[in-house]
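Residue-level listing of the chains:
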Amino acid sequence: MDLLATQHCIEIEQQIKWTEKVTVETVYEMKLYDECITVKQERFPLTSIFDISYRKKPHSQDMGFLYLHTANGVRTFYIKEEPTSLLSAYQQLKLDRPELR
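So, a few notes on the structure that sits alongside this text.

Thresholds, definitions, all that
Residues numbered from 1 in each chain as written. Predicted model: local features only at pLDDT ≥ 70, side-chain atom pairs only at ≥ 80, totals over all residues. Heavy atoms only, no water. Helix = DSSP H or I, 4+ residues; strand = E, 2+ residues; numbered from the N terminus. Contact = heavy atoms within 4.5 Å. Buried < 20%, exposed > 50% of the residue type's maximum accessible area, 1.4 Å probe, protein only. Pairing = 2+ DSSP bridges.

### A few points about the environment of Pro-83
Here's step 1: With respect to the helices and strands, the residue Pro-83 is situated in the loop between strand 7 (73-79) and helix 1 (84-96).
Here's step 2: The sequence separation of Pro-83 and Gly-64 amounts to 19 residues, and the corresponding C-alpha distance is 9.7 Å.
Here's step 3: Discounting chain neighbours no more than four positions away, the residues touching Pro-83 are Gln-7, Tyr-54 and Leu-66.

So, in structure tokens, the structure goes:
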């Protein structure tokens, strides 16, 4: 499997400490290969992915949302940086491989 693109995603967890509430952000990677997308321990075959979309308010420093539209539903991932390389690599795969359209 060839790695085509990676995207940093954010996991947000609220923790209650003794005297305060703390927000902990953990970074992990979404990886696009020529046959699948992997996220942590999950594997999504490209044939089960219908589309990948992205939404973020313009000129905002807030987090954006990366949507993975699969045969099992839509998965949402928090991201801080634009997924330009991931989206363009995925679109190129769809153009090159008719079975992914």
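### Describing the pairing of strand 6 (residues 64-70)
Here's step 1: Residues Gly-64, Leu-66, Leu-68 and Thr-70 of strand 6 are buried on one face, while the alternating residues Phe-65, Tyr-67 and His-69, pointing to the opposite face, are not.
Here's step 2: Sheet topology note: the strand 5 (residues 49-55)/strand 6 ladder contains six bridges and is antiparallel. Following the sheet pairing, Ile-49 is matched in strand 6 by Thr-70.
Here's step 3: As paired strands, strand 6 and strand 7 are joined by seven bridges and run antiparallel to one another. The residue of strand 7 that forms the bridge with Tyr-67 is Thr-76.
Here's step 4: As consecutive antiparallel partners, strand 6 and strand 7 are separated by two residues.

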